[in-house]
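Each chain is listed here by its residues.
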Amino acid sequence: DAEITQSPRHKITETGRQVTLACHQTWNHNNMFWYRQDLGHGLRLIHYSYGVHDTNKGEVSDGYSVSRSNTEDLPLTLESAASSQTSVYFCASSEAGELYEQYFGPGTRLTVT
Amino acid sequence: TQLLEQSPQFLSIQEGENLTVYCNSSSVFSSLQWYRQEPGEGPVLLVTVVTGGEVKKLKRLTFQFGDARKDSSLHITAAQPGDTGLYLCARRDSGYALNFGKGTSLLVTP
């Protein structure tokens with residue numbers, strides 16, 4: 001069965017370190033998204049991609065970057081982790097088209113100390 | 001980014017009770033999606049509504065899209081503990097990325 005996976009599921013890192021969160025989908029979807037979820041803020045869009053070599057900034061992109069070298073993967077990099085980036089991160093994918101469902105991964109809980 | 005307001009923020013009820021949660025915006029939606037998120041998991045799509053006045057049913061869940069396409073509601077009949085979770089509404093402002101409301105956290109106790 002097709003799926004979307006994230007790794008690691010939990011990560012603790014120190015302020016200033018570079019961290020990369022992996023997202024892998026086997027749906028063969030062109031669209032992929034990264035969101036963060038925080039109490040009081042809901043889900044907020046960080047970056048998204050509509051295909052290989054395409055990346056776009058979302059609402060809260062400062063301090064994050066993504067690259068898309070193939071259809072299946074969209075890794076999210078925190079260039080220099082900050083305590084404000086402690087959050088739960090969700091990756092999602094979808095087919096092109098307004099009415100299509102977004103399929104979410106199980107999330108990565110990141111703690112920056 | 002157009003704000004989506006969800007209410008109530010929290011709801012705690014007993015098994016068998018009915019409930020309604022709301023999603024509102026000051027601007028018109030072209031379409032709206034409802035997701036449910038269980039603890040420790042990602043959101044899962046429940047329904048997409050497109051047409052003003054549309055009503056969709058999913059077992060004990062009834063979704064309504066307002067006539068003016070600025071609001072939507074989710075009604076659960078005879079809630080069960082398995083309905084516990086975070087209910088999120090979402091819309092697309094541009095492109096394919098979603099703009100989410102902050103959600104309604106529902107707890108159904110036996």
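Cut-offs used in this document
Residues numbered from 1 in each chain as written. Chains lettered and ligands numbered in written order. Predicted model: local features only at pLDDT ≥ 70, side-chain atom pairs only at ≥ 80, totals over all residues. Heavy atoms only, no water. Helix = DSSP H or I, 4+ residues; strand = E, 2+ residues; numbered from the N terminus. Rg over C-alpha atoms; globule rule 2.2 N^0.38 Å. Buried < 20%, exposed > 50% of the residue type's maximum accessible area, 1.4 Å probe, protein only. Contact = heavy atoms within 4.5 Å. Core = buried A, V, L, I, M, F, W, Y, C linked by side-chain atoms within 4.5 Å. Salt bridge = Lys/Arg side-chain N within 4 Å of Asp/Glu carboxyl O. Disulfide = S-S within 2.5 Å. Buried area = accessible area lost by both parts, 1.4 Å probe. Polar contact = N/O pair within 3.5 Å; in protein donor to acceptor, adjacent residues only side chain to side chain. Nonpolar A, V, L, I, M, F, W, Y, C, P; charged D, E, K, R; others polar. Pairing = 2+ DSSP bridges.

Peer 1: Would you mind showing me how to read the overall build of chain A here?
Peer 2: On a plain count of helices and strands, chain A comes out with 0 helices and 11 strands. For chain A, the α and β elements follow one another from N to C terminus as β-β-β-β-β-β-β-β-β-β-β. Over its C-alpha atoms chain A spans a radius of gyration of 13 Å, differing by no more than 12% from the 13 Å that the globule rule assigns to 113 residues. The principal-axis extent of the C-alpha atoms belonging to chain A is close to 40 × 30 × 25 Å. The 113 residues of chain A split such that 48% are buried. Pairs at least 24 residues apart make up 53% of the contacts formed inside chain A by residues separated by at least 6 positions.

Peer 1: Mind showing me how you'd approach the nonpolar core here?
Peer 2: Soluble globular proteins tend to bury their nonpolar side chains together. If you look at the biggest cluster of nonpolar residues, it comprises 21 residues, and the most contacted ones within it are Leu19(B), Leu32(B), Trp34(B), Phe63(B), Leu74(B), Ile76(B) and Leu106(B). Among the secondary structure elements, those contributing two or more residues to this core are strand E3 (19-24), strand E4 (32-37), strand E5 (44-49), strand E7 (61-65), strand E8 (71-76), strand E9 (85-91) and strand E11 (104-109) of chain B. Formed by 18 residues, the second largest nonpolar core is a distinct cluster that contains Cys23(A), Val60(A), Leu78(A) and Leu110(A).

Peer 1: How do you make sense of the pattern of salt bridges when you look at a structure like this?
Peer 2: Close approach of charged atoms allows side chains with opposite charge to pair. A full pass over the atoms with the stated rule returns 5 salt bridges over all chains. Residues Lys56(B) and Glu54(B) are paired through a salt bridge, measuring 3.7 Å at the closest nitrogen-oxygen approach.

Peer 1: Any chance you could explain the state of the cysteines here in plain terms?
Peer 2: What is meant by a disulfide is a covalent connection between two cysteines, made through their sulfur atoms. All names here are of chain A. Throughout the structure, instances matching the rule amount to 2 disulfides over all chains. The partner cysteine of Cys 23 in its disulfide is Cys 91, sulfur to sulfur 1.8 Å. Measuring the twist about the S-S bond at about -70°, one finds the Cys 23-Cys 91 disulfide to be left-handed. Placement of the pair is Cys 23 in strand E3 (residues 19-25) and Cys 91 in strand E9 (residues 87-94), with a sequence separation of 68 residues.

Peer 1: It is not clear to me how the interface of chain A and chain B should be interpreted in this structure. Could you clarify?
Peer 2: Much of the literature gives interface size as the accessible area that the parts lose upon coming together. At the junction of the two partners, chain A supplies 22 residues and chain B supplies 21 residues. The largest share of the area that chain A buries against chain B comes from Leu43(A), Glu98(A) and Leu99(A), three residues that together contribute 29% of it. Across the chain A-chain B interface, the total number found is 0 salt bridges. The interface formed by chain A and chain B includes 9 residue pairs in polar contact (both at pLDDT 80 or more). Elements represented by at least two residues in the side of chain A that touches chain B include exactly strand E4 (31-38) and strand E5 (42-51) of chain A. Within the side of chain A that touches chain B, the residues separate by chemical class into 11 nonpolar, 8 polar and 3 charged.

Peer 1: I'm lost on the pairing of strand E6 (residues 55-58) of chain B in this one. Help?
Peer 2: In summary, the side chains of a regular strand alternate between the two faces of the sheet. Residues and elements named next belong to chain B. Pairing of E6 with E7, which is carried by 4 bridges, proceeds in the antiparallel orientation. Its bridge partner lying in E7, Lys 56 is registered against Phe 63. Between E6 and E7, which pair antiparallel one after the other, the connecting turn spans 2 residues, and Lys 59 there sits at a positive phi close to 55°.

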